[in-house]
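Here is how the chains run, residue by residue.
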Amino acid sequence: MSIRGLKKKQPKTFKVKVVTMDAEMEFSCEMKWKGKDLFDLVCRALGLRETWFFGLQYTIKGMCTWLKMDKKVLDQEIPKEDPISFRFLAKFYPEKVEEELLQEITQHLFFLQVKKQILDEEIYCSPEATVLLASYAVQAKYGDYDPNFHEPGFLANDELLPKRVLRQYQLTAEMWEEKITAWYAEHRGIARDEAEMNYLKIAQDLEMYGVNYFPIAQSKNHTDLLLGVDAKGIHIYSINNRFSPNKSFEWSAIRNISYSEKELTIKPLDKKAEVFKFFSSQLKVNKLILQLCIGNHDLFMRRRKVDSIEIQQMKAQAREEKARKKMENQRLAREKQLREEAERAKEELERRLFQLEDEARQANEALLRSQEAAELLAEKAQIAEEEAKLLAQSAAEAEQERQRLEITALKTKEEKRLMEQKMREAELIAVKLVKESDRRAKEAEHLKQDLHEAREAERKAKQKLLDVTRLNYPHVARYPHHLPADTRDVNFDKGSVKLDLKDIDLKRLSFEIERERLDYLDKSKRFEDRLKELKSEIHALKLEEKQTGLYSHWNEVLGSLDRSLGHVPSWMKTFEAVDSLDINFQRPFPAYPLNTTSSWPCTNKNQYMEPVGKSPFQTDTLVASNVGTGTRKQIVKVQQHDSDVIYI
């Protein structure tokens with residue numbers, strides 16, 4: 001047979017595209033295929049056995065029409081497209097979804113279609129019911145809720161609520177998601193087919209579920225009513241109310257349904273009941289209504305008959321399948337529970353392991369720190385031992401120093417006591433000297449007065465002698481040096497006795513003054529020796545005074561000494577201190593032997609300068625006699641140390 005002959009024998013085909021609720025399929029159909037052939041092909045492709053609920057729908061001239069099963073596909077009024085598009089949808093709805101929907105695919109297709117009708121607002125649903133239905137839809141799609149996996153925002157791309165509900169409540173997407181998730185979390189453990197069945201069981205109780213609405217009128221010029229066809233019968237609604245029918249005709253109460261052109265007649269089973277007639281807008285609408293009424297009535301009658309062998313087998317298989325799935329679900333639930341327990345145990349073990357590792361790490365770190373601390377403590381112990389030795393040595397030295405200081409303090413106290421005693425003695429001596437000086441000053445004043453009287457008497461005696469000489473020897477009065485020596489010594493009667501007495505008193509007075517002067521020099525020498533001893537003792541304690549504070553005490557002692565000397569007579573000059581102290585004692589006694597034959601006063605001062613020895617406070621002592629004033633000045637230089645010099 002030639003290739004050309006084979007081509008002639010191949011049947012002509014046309015392409016068809018069938019869209020289900022979750023897929024699209026394309027088929028090549030023969031030109032002679034009827035609607036049932038194409039429908040059976042689609043059902044075989046889907047694995048669907050409950051074919052009596054579904055049909056192939058298409059749209060022509062804005063009206064939805066179902067493909068007739070007993071006519072050829074190309075002979076029907078279908079759209080001229082390539083490929084020709086059909087929608088595989090549920091044409092009839094079960095009264096009880098849980099009893100009638102046996103296959104999982106049938107249930108799934110119904111679930112998808114009813115869900116779309118609710119979202120498109122073809123079936124009215126309250127907002128509360130929509131949230132619950134949305135939670136079952138999420139459970140069917142995502143499985144059990146897992147907060148670690150299903151983070152906020154995981155429903156952002158899913159359409160779960162009708163737009164009417166979203167407009168009715170001013171809630172954000174996050175708020176709606178929170179409400180849906182709250183219900184969704186409670187559906188844990190529900191399988192996908194079970195969640196879809198729960199969705200359908202809620203939806204079948206809605207007023208508009210499974211109802212096909214058609215506009216009708218009781219007269220030809222008005223369309224003020226709606227005709228609804230569902231699995232239970234025919235219902236008449238007002239144009240504005242699709243929930244509550246004004247009148248209903250159950251399939252069991254309908255005897256006959258017929259149409260003539262645009263008129264449709266419903267005859268009740270009760271012959272006495274009124275026949276209901278109405279008019280539709282087109283003849284095609286009447287044909288569609290009649291087709292839906294026949295199909296729903298057939299299913300209604302079929303449900304009330306004994307199931308066929310095929311239906312029984314399907315139900316048995318469905319029960320077995322449900323039992324198997326139930327056992328499988330239980331097994332999966334147990335495995336899931338065991339897996340969750342194992343995961344929790346694993347997490348607990350991992351946590352415990354991590355905790356033990358952390359404890360081990362901390363223990364190692366603590367051990368290292370302990371070792372470091374031990375090393376540091378060993379070093380510190382060694383250092384402390386060395387420091388202890390040094391401290392012991394320092395303590396011993398400090399103890400020796402303390403003992404030395406105690407001894408020194410005792411010595412210092414004793415020396416201080418001796419010094420205070422010596423200073424008190426020096427003060428007493430100074431007071432005695434002051435008193436002696438006052439007494440000598442008074443005696444000197446008396447002696448000065450007596451000397452003045454003696455001089456006056458001498459002058460008067462000389463004057464009388466001259467007067468007598470002029471009277472007895474006139475030539476001698478003009479030249480007295482020519483007078484004979486024996487004549488000069490002659491004592492005249494008048495006043496001679498008095499003159500001799502004055503001369504004798506003057507000599508006696510000179511001897512007494514000389515004796516007093518010698519006594520005073522002797523006492524001064526003794527006082528200077530005492531001061532020299534004090535100087536040597538003070539000089540020996542000079543360094544210790546600075547350490548023990550006796551230096552300030554010595555200044556206080558000197559101050560007290562100065563205060564005790566502060567009442568000296570006017571013939572003593574006050575001291576001047578810069579780094580030294582000068583105290584000038586004016587002595588009323590001359591430092592020279594009185595000469596009665598010489599004139600008074602003597603003009604040679606240097607011959608009466610004599611050293612009187614070094615006092616304990618001086619390096620050089622000089623006694624100067626000022627004969628012209630009848631006073632004597634004694635300078636005493638006191639040197640405590642190199643920087644302190646006191647002149648007295």
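Here the structure is a predicted model, which means the values were calculated and not measured.

Colleague: Could you clarify how one ought to interpret the overall build of the protein in this entry?
Modeller: Helix and strand content of the protein: 15 helices and 19 strands. Burial analysis of the protein (648 residues in total) assigns 36% to the buried set. Contacts spanning at least 24 positions in sequence make up 57% of the contacts within the protein whose residues lie at least 6 apart. Carbon and sulfur atoms make up 53% of the accessible area of the protein, which amounts to about 41100 Å² in all.

Colleague: Before we go on, may I ask you to explain the sheet that holds strand β5 (residues 84–90) in this structure?
Modeller: By definition, the strands of a sheet pair up through backbone hydrogen bonds, in either a parallel or an antiparallel sense. Ordered in space as β2-β1-β5-β3-β4, the five strands form an open sheet in which the pairing is mixed. Among the strands making up the open sheet, the edge pair consists of β2 (24–30) and β4 (63–66). Going from strand to strand, the sheet's axes swing by 35° on average, the running direction of each strand aside. Where strand β3 (residues 54–60) lies against β4, four bridges are found, and the strand directions are antiparallel. Looking at β4, one finds that T59 is bridged to C64. Sheet strands touched by helix α2 (residues 35–46): β1 (13–19), β2, β3 and β5. Its angle to β2, the strand with the most contacts, is close to 140°.

Colleague: Where do I start with helix α8 (residues 192–203) in this structure?
Modeller: Because each turn of an α-helix spans 3.6 residues, side chains separated by three or four positions end up pointing in the same direction. In a regular helix each residue adds 1.5 Å, so twelve residues correspond to 16 Å; α8 covers 17 Å between its end C-alpha atoms and thus fits that length. Of the positions making up α8, those classed as buried are D193, A195, E196, M197, N198, Y199, L200 and A203.

Colleague: Hey, could you run me through the packing of helix α5 (residues 127–142) against α8 in this one?
Modeller: Packed helices, taken two at a time, are described by the angle their axes make and the gap between the axes. Between α5 and α8, whose axes approach to 8 Å, the crossing angle comes to 160°. The orientation of α5 relative to α8 falls into the category roughly antiparallel. Remark: the crossing between α5 and α8 carries left-handed chirality. Contacts between α5 and α8 pair L132, L133, Y136, A137, Q139 and A140 from the former with R192, A195, E196, N198, Y199 and I202 from the latter. Of the residues contributing to the contact of α5 with α8, the split by class is eight nonpolar, two polar and two charged.

Colleague: Can you help me understand the packing of aromatic side chains in this one?
Modeller: Under the counting rule described, the total for this entry stands at 17 aromatic pairs. Seen from their ring centres, F276 and F278 are 5.5 Å apart, and the 40° between their planes marks the pair as tilted. Lying across the ring of Y213, R242 places its NZ or CZ 4.9 Å from the centre. The lysine or arginine in question, R302, covers the ring of W52, its NZ or CZ lying 4.2 Å from the ring centre.

Colleague: Honestly, the sheet that holds strand β11 (residues 263–268) in this entry has me stumped. Any pointers?
Modeller: As summarised here, the arrangement of the seven strands in space is β9-β8-β7-β6-β12-β11-β10, forming an open sheet in which the pairing is antiparallel. Two strands lie at the open edges of the sheet, namely β9 (247–250) and β10 (254–260), each paired on one side alone. Across the sheet, the axes of successive neighbouring strands diverge by a mean angle of 30°, strand direction being ignored. Where β10 meets β11, six bridges bridge the pair, whose relative direction is antiparallel. By the bridge assignment, S260 is partnered in β11 with E263. Contacting β6 (212–217), β7 (225–229), β8 (233–238), β10, β11 and β12 (276–280), helix α9 (residues 283–303) crosses the sheet at an angle of about 160° to β10.

Colleague: Hey, could you run me through the packing of α5 against helix α7 (residues 173–184) in this one?
Modeller: Relative orientation of the contacting elements α5 and α7 amounts to 70°, with a least axis distance of 8 Å. Regarding the angle of α5 to α7, the classification is roughly perpendicular. Considering only the axes of α5 and α7, their crossing is right-handed. Where α5 approaches α7, its residues V131, L132, A134, S135, V138, Q139 and Y142 are matched on the opposing element by W176, K179, I180, W183 and Y184. When its residues are assigned to classes, the contact of α5 with α7 shows nine nonpolar, two polar and one charged.

Colleague: Could you clarify how one ought to interpret the pairing of β6 in this entry?
Modeller: Strand residues, when the strand is regular, have side chains that alternate between the two faces of the sheet. Sheet topology note: the β6/β7 ladder contains five bridges and is antiparallel. Bridge pairing in β7 links F214 to L227.

Colleague: Even after reading the chapter, I still don't get the pattern of salt bridges, so can you show me in this structure?
Modeller: Between side chains of opposite charge, a pair can form when the charged atoms approach closely. For the structure on display, the rule yields 34 salt bridges. Where R361 meets E365, a salt bridge forms, and the shortest distance between an N and an O atom there is 3.0 Å. Here R361 pairs with E365, and both are found in helix α10 (residues 309–472), just four residues apart, close to one helical turn. Accessibility expressed as a relative area gives 42% for R361, which makes it partly exposed. Of the residues examined, E365 reaches a relative accessible area of 33% and is grouped as partly exposed. Three or more residues joined by partner-sharing salt bridges are found here, namely E104, R192, D193, E196 and K325.

Colleague: Before we go on, may I ask you to explain α5 in this structure?
Modeller: With 16 residues, α5 should reach 22 Å at 1.5 Å per residue; the first-to-last C-alpha distance of 22 Å fits that figure. Most of α5 is tucked away: twelve of the 16 residues are buried. When α5 is considered as a whole, its buried residues turn out to be P127, A129, T130, V131, L133, A134, S135, Y136, A137, V138, Q139 and A140. Taken together, the buried residues of α5 touch α4 (104–119), α6 (163–168), α7 and α8. Among the residues trailing α5, G143 stands out with phi positive, at a value near 80°.

Colleague: Sorry, what's going on with the side chain of Q139 here?
Modeller: Examined against the element boundaries, Q139 turns out to sit in helix α5. Looking at Q139, its side chain comes within polar contact range of the main-chain oxygen of I190, at 2.9 Å. Residues in contact with Q139, not counting those within four places in the same chain, are D144, Y184, H187, G189, I190 and A195.

Colleague: Could you clarify how one ought to interpret the confidence of the model for the protein in this entry?
Modeller: As a general rule, the predicted coordinates of low-pLDDT regions are not to be interpreted in detail. With 76% of its residues at a pLDDT of 70 or more, the protein has an overall mean of 77. Looking at the elements of the protein, mean pLDDT is at its lowest for strand β16 (residues 622–626), recorded as 36, and at its highest for α4, recorded as 94. Here residues 476–499 is modelled with pLDDT under 50, and outside its nearest four sequence neighbours on either side it reaches twelve contacts, counting other chains as well. Ignoring residues within four places in sequence, the model shows residues 564–648, a span with pLDDT below 50, making 198 contacts including any to other chains.

Colleague: I tried to follow the environment of P152 on my own but got confused; where do I start?
Modeller: With respect to the helices and strands, the residue P152 is situated in the loop between α5 and α6. Residues P152 and E174, 22 residues apart in the sequence, show an inter-C-alpha distance of 7.8 Å.

Colleague: Please explain unusual backbone geometry as it appears in this structure.
Modeller: Negative phi values dominate among residues other than glycine, just as trans dominates among peptide bonds. Cis geometry marks the peptide bond from D82 to P83; its omega dihedral reads 0°. When you line up the elements, P83 lands in the loop between β4 and β5. For K61, which is not glycine, the phi torsion reads 55° and is therefore positive. For K61, the position within the fold is in the loop between β3 and β4. Notably, E121 is not glycine yet its phi reads approximately 65°, a positive angle.

About the criteria used
Residue positions are counted from 1 within each chain, in the order its sequence is given. Whole-chain, interface and lining totals are the exception, using all residues; otherwise, since this is a predicted model, local features are given only for residues with pLDDT of at least 70 and side-chain atom pairs are given and counted only at 80 or more. Side-chain measures here rest on the full set of heavy atoms in the structure, leaving out hydrogens and waters. Only DSSP runs of H or I covering at least 4 residues are called helices, and only runs of E covering at least 2 are called strands; the numbering of each starts at the N terminus. Burial classes: relative accessible area under 20% of the type maximum marks a residue as buried, over 50% as exposed, and values in between as partly exposed (1.4 Å probe, protein chains only). Here, two residues are considered to be in contact whenever any of their heavy atoms come within 4.5 Å of each other. Only the protein chains shown count as cover for residues, with accessible areas throughout obtained via the Shrake-Rupley method and a probe of 1.4 Å. At least two bridges found by DSSP between two strands are what make those strands a pair. The convention used is that axes are lines fitted to C-alpha atoms, helices contributing only their stretch in contact, and that angles between N-to-C directions extend from 0 to 180 degrees. The span one expects for a helix is its residue count, reduced by one, times 1.5 Å. Here roughly perpendicular refers to angles of 65 to 115 degrees, roughly parallel to angles under 35, roughly antiparallel to angles over 145, and oblique to all remaining angles. Each crossing gets its hand from how the near helix is turned against the far one by less than a right angle, where anticlockwise is left-handed and clockwise is right-handed. In this classification, the charged set is Asp, Glu, Lys and Arg, the nonpolar set is Ala, Val, Leu, Ile, Met, Phe, Trp, Tyr, Cys and Pro, and all remaining amino acids, among them Gly, are polar. Think of it this way: a Phe, Tyr or Trp ring, Trp meaning its six-membered ring, pairs with another when their centres are within 6.5 Å, and the plane angle makes it stacked under 30 degrees, edge-to-face over 60, tilted otherwise. By definition, being over a ring means that NZ of Lys or CZ of Arg is both within 6 Å of the ring centre and within 35 degrees of the ring normal. Take a side-chain nitrogen of Lys or Arg and a carboxyl oxygen of Asp or Glu: if they are within 4 Å of each other, that pair is a salt bridge. N or O atoms within 3.5 Å of each other form a polar contact, as long as, within protein, one can give a hydrogen and the other can take it, and as long as residues adjacent in sequence are counted only when both atoms are side-chain atoms. Within a predicted model, pLDDT stands for the predictor's per-residue confidence, ranging from 0 to 100.

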